[in-house]
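Structural characterization, general
So the chains spell out like this:
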Amino acid sequence: MDPVIEHLTTIVGARGVLGPADLGARADGIFSSETMQGRALVRPANTAEVSAVMRWCHEQGLVVIPHGGLTGLTHATKSGPSDIIISTERMRAIEAIDPMQRTATVQAGVTLQALQEAVEAQGMIYPLDLGARGTATLGGTVATNAGGNRVLRYGMTRDMVLGLEAVLADGTVISSLYPLIKNNTGYDLKHLFIGSEGTLGVITRLVLRLREKPLASHTAMVAVETFDQVAGLLRHMDRALGGALSSFEVMWRSYYTLVTTPPAKGRAPLPNGHSFYVLLESQGSAPERDAENFQEALGAAMEQGLLVDAMIAQSESETRALWAIRDDVVQLRRDGDPVGFDISLPVSRMDDYVREVERRLEALPIKSLLYVFGHLGDGNLHVVVAVPGGFTPDLKHEIETAVYAPLQARGGSVSAEHGIGLDKKPWLPVSRTEPELAVMRHQARARSARAAQSRQDFGPARRLRSDCSRLKRSTVARKSGVIAR
């Protein structure tokens, strides 16, 4: 037996370690046709086991790649044949739900949907919601600061985390599991880990903020002809509903047509042919009054010329059908290999940005199909370019240039909610200034210096090579060029 697998088995047990042969049966990510690579996949059951695994890998100089639900879209969890994968898939415990404090304490491997269902049974909600809810783990959503469908009302994942526990590369456990909204006692360490993509450690446990379950929820799909009307509709509905607007999802015509025509299962609730389709959701506390307010707000919007058609869901099944249309991203693969992007920019600059991307793509020596949709209420667009017949690495770079280059002049970001991963490393300067990157490099060098001192302390017989930066390909720091070489 491989001595590495043999030793890891002594830490987590036989059920907790998979070898290379087992990894060959696992996909290395969502929508991926490739299988995992690694020397071993370790599945600890608790923080103590994670700590022991990380400490031993640190001493042996082994590269560790953290895995959650593998629903990321930036190749952040790509591993090589000699890497150790540490997965939270056995850390599925919902440890406590406190209705009085409105918090949930969970292990990092709990899926988003599992927590949603557990707290809903107690009259509360965990507001984060995204299409991969059944697979995405809470630790992964925190490590990437996930956004989703309701950022407009509840904020990003960062706004829902009260406390967390994480294990550093050398096995040190950092526990900040405080259930407090206010805790003004120095550095708020949890924010170092939220959105860090594994650069600083492996998140193991969380204290998450819950909200009271809304007593009323209303959903509609509307058709709009111009982008100015889309922007006007957002302001109108937010104002008219008095803060109850929870989602404002916009689909450009091409995407709406794609997900409402065969072989897609969804059927168009409104006729095809309009320029934009908006999925709106409001949440409130008075079912009858809120329904009346929702209808009145839409009626006023139509009178003001902000929309041309509308369909209000009359049942839970109709609501699910509307959301299924928006979430049917699998259809993007039917027209050729897709290249997906997750960008953000001011709403006022979106229309001009999309038009420039269209012009740049049309200038390329290939035929491509452009689909745009996303959480426009919080400035986040998903841009997908499908290329029938596939694309070469050079062509992919040209497509990336067409999408990313126009962002800089418009104050946009190359990543709104998906993180950096491997894919966006070359494009960080579009969204980050050189002084910002210099600060990141400085911190990385400081960590490397501390690790070098640690290696000396262990003496010449044990040449350690692992430090925090060794959480490499799964981390934004390594992939963004921030780690000092």
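Above this text you will find the structure in question.
Structure report, in brief. Since we're looking at a predicted model, the values are computed, not measured.

Looking at the pattern of salt bridges
Scanning all chains against the criterion turns up 20 salt bridges. In this structure, Glu165 engages Arg205 in a salt bridge whose closest nitrogen and oxygen atoms are separated by 3.3 Å. Highlighted residues: Glu165 in strand β8 (residues 161–167) and Arg205 in strand β10 (residues 202–209), separated in sequence by 40 residues. In this structure Arg205 comes out as partly exposed when scored by relative accessible area, which is 22%. In this structure, Arg432 and Glu436 form a salt bridge, with 2.9 Å as the shortest nitrogen-oxygen distance. On the basis of relative accessibility, which here comes to 37%, the residue Arg432 falls in the partly exposed class. Bridged by salt links that share partners, the residues Asp129, Arg133, Glu249, Arg326 and Asp327 form one connected network.

Concerning the side chain of Thr157
Structurally, Thr157 can be placed in the loop between α6 (151–154) and β8. The class for Thr157 is buried, based on a relative accessible area of 0%. Only 2.7 Å separates the side chain of Thr157 from the backbone oxygen of Ala146, close enough to count as a polar contact. In this view, Thr157 contacts Tyr126, Leu128, Thr141, Val142, Asn145 and Ala146; residues no more than four positions away in its chain are not counted.

With respect to the nonpolar core
Among the nonpolar cores identified, the biggest contains 49 residues, and Leu233, Phe248 and Ile343 are the most heavily contacted of them. Broken down by element, this core gets its largest block of residues, six residues, from helix α13 (residues 393–408). If we skip the residues at most four places from it in the chain, Ile343 touches Tyr353, Gly379, Asn380, Leu381, Val383, Val403, Tyr404, Leu407, Ser413, Val414 and Ala416. The next biggest cluster of nonpolar side chains, apart from the first, holds 30 residues, and it includes Ala108, Met124, Ala143 and Ile203.

Considerations on the sheet that holds strand β3 (residues 64–67)
The strand order across the open sheet built from four strands is β1-β2-β4-β3, with neighbouring strands paired in mixed fashion. A strand with exactly one partner marks an edge of an open sheet, and here the two such strands are β1 (17–18) and β3. Pairing geometry for β1 and strand β2 (residues 40–42), over two bridges, is antiparallel. By the bridge assignment for β2, Leu18 is matched with Leu41. In the packing of helix α3 (residues 47–60) onto the sheet, contacts are made with β2, β3 and β4 (84–87), and the angle to β4 comes to roughly 165°.

What about the side chain of Arg150?
Residue placement: Arg150 occurs in the loop between α5 (138–143) and α6. Accessibility expressed as a relative area gives 18% for Arg150, which makes it buried.

With respect to the environment of Gly242
Within the element layout of this structure, Gly242 appears in the loop between α8 (227–240) and β13 (245–252). It is 10.0 Å that separates the C-alpha atoms of Gly242 and Gly284, two residues lying 42 residues apart in sequence.

Side note on the sheet that holds β10
On the basis of which strands lie adjacent, the open sheet formed by five strands has the order β5-β6-β10-β8-β9 and antiparallel pairing. Either end of the sheet is taken by a strand with one partner, and the two such strands are β5 (94–98) and β9 (173–176). Direction aside, the axes of adjacent strands within the sheet are offset by 10° on average. Sheet topology places β8 next to β9; four bridges connect them, and they run antiparallel. For Glu165, the partnering residue across the bridge sits in β9 and is Ser175. In this fold helix α4 (residues 112–120) packs onto β5, β6 (103–107) and β10, with an angle of close to 40° to the strand it touches most, β5.

What about a nonpolar patch on the surface?
On the surface, Tyr187, Leu189 and Leu192 cluster together into a nonpolar patch covering about 380 Å² of accessible area. Position of Leu192 relative to the elements: it lies in helix α7 (residues 190–193).

Focus on the pairing of strand β14 (residues 276–284)
Taken across its nine residues, β14 has nine buried, putting it largely inside the fold. Neither face of β14 is open: one carries Phe276, Val278, Leu280, Ser282 and Gly284, the other Tyr277, Leu279, Glu281 and Gln283, and all of them are buried. Here strand β12 (residues 216–224) pairs with β14 via nine bridges, running antiparallel. Bridge assignment links Thr219 to a residue of β14, and that residue is Glu281.

Examining the packing of α8 against helix α10 (residues 287–303)
As a packed pair, α8 and α10 sit with axes 10 Å apart at the nearest point and diverge in direction by 150°. The two elements α8 and α10 meet at a crossing, and its hand is right-handed. For the pair formed by α8 and α10, the contact residues are Leu233, His236, Met237 and Ala240 on the first element and Phe294, Ala297, Leu298, Ala300 and Ala301 on the second. For the contact of α8 with α10, a count of residues per class yields eight nonpolar, one polar and no charged.

The rules behind these values
Residues numbered from 1 in each chain as written. Predicted model: local features only at pLDDT ≥ 70, side-chain atom pairs only at ≥ 80, totals over all residues. Heavy atoms only, no water. Salt bridge = Lys/Arg side-chain N within 4 Å of Asp/Glu carboxyl O. Helix = DSSP H or I, 4+ residues; strand = E, 2+ residues; numbered from the N terminus. Buried < 20%, exposed > 50% of the residue type's maximum accessible area, 1.4 Å probe, protein only. Polar contact = N/O pair within 3.5 Å; in protein donor to acceptor, adjacent residues only side chain to side chain. Contact = heavy atoms within 4.5 Å. Core = buried A, V, L, I, M, F, W, Y, C linked by side-chain atoms within 4.5 Å. Pairing = 2+ DSSP bridges. Axes fitted to C-alpha atoms, helices over the stretch in contact; angles between N-to-C directions. Patch = residues over 30% accessible without salt bridge, like charges linked within 9 Å, V, L, I, M, F, W, Y side chains within 5 Å. Areas by Shrake-Rupley, 256 points an atom, 1.4 Å probe, with all protein chains shown as cover. Left-handed = near helix turned anticlockwise from the far one by under 90°. Nonpolar A, V, L, I, M, F, W, Y, C, P; charged D, E, K, R; others polar.

Everything listed here is a matter of geometry and, on its own, says nothing about what the molecule does.
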